[in-house]
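Geometric and topological summary
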Amino acid sequence: MITKGGCPHDCPDTCAWEVTVEEGRAVKLLGARDHPYTRGGLCAKVNHYLDRVYSPDRVLHPMRRLGAKGEGRFERVSWGQALEEIAGRFQSILEAEGGEAILPYSYAGNMGLIQYAGMDRRFFARLGASRLARTICGDTANAGVSAALGTTTALLPEDVEHARFIVLWGTNTLVTNLHLWPLVRRARSAGARLVVVDPLRTRTAQEADWHVQPLPGSDAALALGMMHVIVAEGLQDQAYLDAYCNDWPRLRRRLEEYPPERAARLTGLGSEEIVSLARAYAGTRPALIRTMVGPEKHAGGAAALRTIACLPALVGAWRERGGGLLHWTRSLFSEAIDTRAVGARQPKTRTISMIQIGRALTDASLAPPLRALFVYNSNPAAIAPNSNLVRQGLARDDIFTVVHDLFVTETARYADYLLPAASFIEQTDLLFPSGHTYKTLNRPAIPPEGESVANTELFRRLAGAMGWREPEFEQTDEEMIRAALDSDHPYLRGLSFERLWERGWAPLELPADRLPFAQGGFPTPSGRCELFRDPEPGYLGPPVDGYPLTMVSAKTALHFLNSSYSHLPRHARAEGGPAVSLDPADAAARSIADGDSVRVWNDRGALELPARVGDGVRPGVVAIPHGYSANVLTSDGIADAGGGGDFYDTRVEVTRV
Ligand SMILES: Nc1nc2c(c(=O)[nH]1)N[C@H]1C(S)=C(S)[C@@H](COP(=O)(O)OP(=O)(O)OC[C@H]3O[C@@H](n4cnc5c(=O)[nH]c(N)nc54)[C@H](O)[C@@H]3O)O[C@H]1N2
Ligand SMILES: Nc1nc2c(c(=O)[nH]1)N[C@H]1C(S)=C(S)[C@@H](COP(=O)(O)OP(=O)(O)OC[C@H]3O[C@@H](n4cnc5c(=O)[nH]c(N)nc54)[C@H](O)[C@@H]3O)O[C@H]1N2
Ligand SMILES: [Mo]
């Protein structure tokens, strides 16, 4: 039997798949060939998703901690016992300290509509728990892009093949957004030139016609330097600026501060390279810039993205198909789908940043103090910055910790109760991607393994154990999805739950001749592209904390998804273990040779790793792939807008051991 579904991972591609089940066991999981965007392809991670489903290490029963927090020793208990004890603890915390002493911690381990945010939001709202600022990914970039454009959705991926100049600006398409690549390839075979702007020589950068390698965090300076050249040479589209943009005179004055020589100093590039890039960008049409989240993870991340987002207006790139900025597509779905129907109105309790969870868990002055932490859809001990501090917080015996996951993750080792989560092929959800415009219905191919449950079911059970009888806790998964689809928005024209169930996926009904902003119409309050509102376009300068090298820990691990899959032998083997990449000059200055064992360290922690000396990074930069332990070293500051982190501003020293 074949069941249609799709991948709810935190990834722009949201691939459609088909699962073959024989005698109750899933034996094959393949990309759905009829899907117009993902076209039967999956990725190096999900090609072996069934390894995850049937892993001998999977958590299949509720477990209670034995031994000390962090040891990861558990004993099996029944669901009844686990629910009763968790509900009991929550009740006594409610009575003693109030709901704010309880903190949910979740992110996008599952990005589906109802498994990302659904029953859980209702549960924590009813509890009056502290709120979590879920800003670890995209919010800073989005703050920058929407300050300029009024939206986070402009071009669509299908526009890429019409472009003749493509800039992948701080995004590693071949690793993180694989299904965009065929469109890039098609544009290139029609003559497009491909530029990658990235301090690392990623797989994607290696494939580019031109790899521009600025210092991390310096994109605003690069974009302003390009703009300076464009304006100095009269290459701007003055008619577009006058008709559709605000604050051109102020931007123009700001540009005077960024002649190419200064931009070169700030970015660590040559000024000729900035001049050539500016001329090529302004002189080739259509010109498309693709952004995701790489450049956001800096103190000036929002200013960087907002400055980049102003470039298309400066040269009038929006005028033709294939010109402009491609960022996300998700806002199209949130306009059309009634997401409020599945969540809950959150009471105005205090908010704690997920970026600074280490600080919150170790802050003795919090009032009320944190007494319980409930982790699901995330692995904060591995993915949140400054992870030694996070672990110090997780080790506290006076914070009751529940974790719901499929594996004994770094975080789960600290759990008082570890509850088994269902895999993607064992649950129902509506998937709406951030990287294309086809929604997918994920149908369960097999029943949950062992005693595992989907997030929705977990919080239904917990609400029951709390004695809450409101109908919102009785709604089934299907009812929740139907409620969200019950919308007369034109993008959903002709769509029904039944049709989705049958076919697996459906496109959003978008206008065929969609040419956003060709004639202005920006969804900003003024209706114009805002060239100079908060955050102002400008360069905030390099990080200041002492150490000489900047460490970028980006998503270069092809076989991991953040920390997911790092626990599976096949994926871990294919990835080959962590290492630190160094530029030959930086290595020589420290007497480090390729393969040497080195210590990478700063005030927050230290890692001992093999050194990879070569062209993987530019001078002044080192790189450790995200998904291992890089966060022992990372900075836990907050970016200039949107609440994101400054992970890639981390400064370190490297010493041979
Ligand atoms: N294989 C795989 N795929 C994934 C993921 C994964 O972990 N593994 N994660 C998923 C998630 S959660 C997300 S958010 C997306 C992210 O997708 P991307 O945004 O493409 O990924 P990142 O690795 O965060 O950043 C992209 C690049 O930005 C570069 N970069 C860092 N700082 C700067 C800077 O200041 N300027 C410039 N120009 N570039 C900079 C990094 O070196 C990196 O190569 O990928 C998703 N897809
Ligand atoms: N150093 C560094 N740190 C980073 C980044 C970086 O580039 N560098 N990137 C940041 C970014 S962009 C992001 S998005 C975050 C990602 O951070 P997280 O969202 O925490 O990502 P994962 O490590 O994949 O952890 C997801 C967990 O959810 C579990 N899970 C999967 N499905 C389900 C489910 O249905 N139910 C439950 N209960 N659990 C499930 C998985 O098993 C996994 O343990 O990391 C951030 N941290
Ligand atoms: Mo992310």
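Residues numbered from 1 in each chain as written. Chains lettered and ligands numbered in written order. Predicted model: local features only at pLDDT ≥ 70, side-chain atom pairs only at ≥ 80, totals over all residues. Heavy atoms only, no water.

A word on helix α2 (residues 79-97)
What counts, and what does not: What counts as a helix is a DSSP run of H or I of at least four residues, what counts as a strand is a run of E of at least two, and both are numbered from the N terminus. The length a helix should cover is 1.5 Å for every residue beyond the first. Any two residues whose heavy atoms approach within 4.5 Å are treated as being in contact.
With 19 residues, α2 extends 26 Å from end C-alpha to end C-alpha; this agrees with the ideal 27 Å at 1.5 Å per step. The inward-facing, buried residues of α2 abut β6 (102-106), α4 (119-127), β15 (372-376), β16 (400-405), β17 (417-420) and α19 (455-465). Phi turns positive, to about 90°, at Gly98, one or two residues after α2.

What about the domain arrangement of the protein?
Basically, it comes down to this: Residue ranges for the domains trace back to a domain assignment, done automatically or taken from a database. Throughout, buried area stands for the accessible area (probe radius 1.4 Å) lost by two parts on being put together, summed over both. Should a side-chain nitrogen of Lys or Arg be within 4 Å of a carboxyl oxygen of Asp or Glu, the pair is scored as a salt bridge. Any pair of N or O atoms that falls within 3.5 Å is considered a polar contact. Within protein, one atom must be able to donate a hydrogen and the other to accept it, and sequence-neighbouring residues count only if both atoms are side-chain atoms.
The domain architecture assigned to the protein consists of domain 1 (63-136 + 335-432 + 452-484), domain 2 (154-327) and domain 3 (549-656). Computed from C-alpha coordinates alone, the two centres of domain 1 and domain 3 are separated by 30 Å. Facing 18 residues of domain 1, the contacting portion of domain 3 comprises 20 residues. Buried area between domain 1 and domain 3, summed over both chains or domains, comes out near 1500 Å², and the portion from carbon and sulfur atoms is 52%. For the pair domain 1 and domain 3, the interface holds one salt bridge. Between Arg359 and Asp636 there is a salt bridge, with its nearest N and O atoms 2.8 Å apart. Linking domain 1 to domain 3 there are 13 residue pairs in polar contact (both at pLDDT 80 or more). Only α17 (380-383) and α18 (387-394) provide two or more residues apiece to the side of domain 1 that touches domain 3. Examining the composition of the side of domain 1 that touches domain 3, we find that three residues originate from one element, α18, more than from any other.

Some words on the site of ligand 2
To keep things clear, this is the line we draw: If even one non-hydrogen atom of a residue comes within 4 Å of a molecule or strand, that residue is called near it. Only the protein chains shown count as cover for residues, and the accessible areas themselves come from Shrake-Rupley with a 1.4 Å probe. Residue classes follow a fixed rule: Ala, Val, Leu, Ile, Met, Phe, Trp, Tyr, Cys and Pro count as nonpolar, while Asp, Glu, Lys and Arg count as charged, and any other residue, Gly among them, counts as polar.
As a matter of local geometry, ligand 2 sits amid 33 residues, with Asp405, Ser553, Ser563, Ser564 and Tyr648 nearest to it. Between ligand 2 and Asn379 there is a distance of 3.0 Å, counted from an oxygen atom to a backbone nitrogen or oxygen. Here ligand 2 loses 98% of its free accessible area of 920 Å² to cover by the protein chains. Class assignment for the residues of the shell around ligand 2 results in 12 nonpolar, 16 polar and five charged. The two domains that each donate at least three residues to the shell around ligand 2 are domain 1 (63-136 + 335-432 + 452-484) and domain 3 (549-656).

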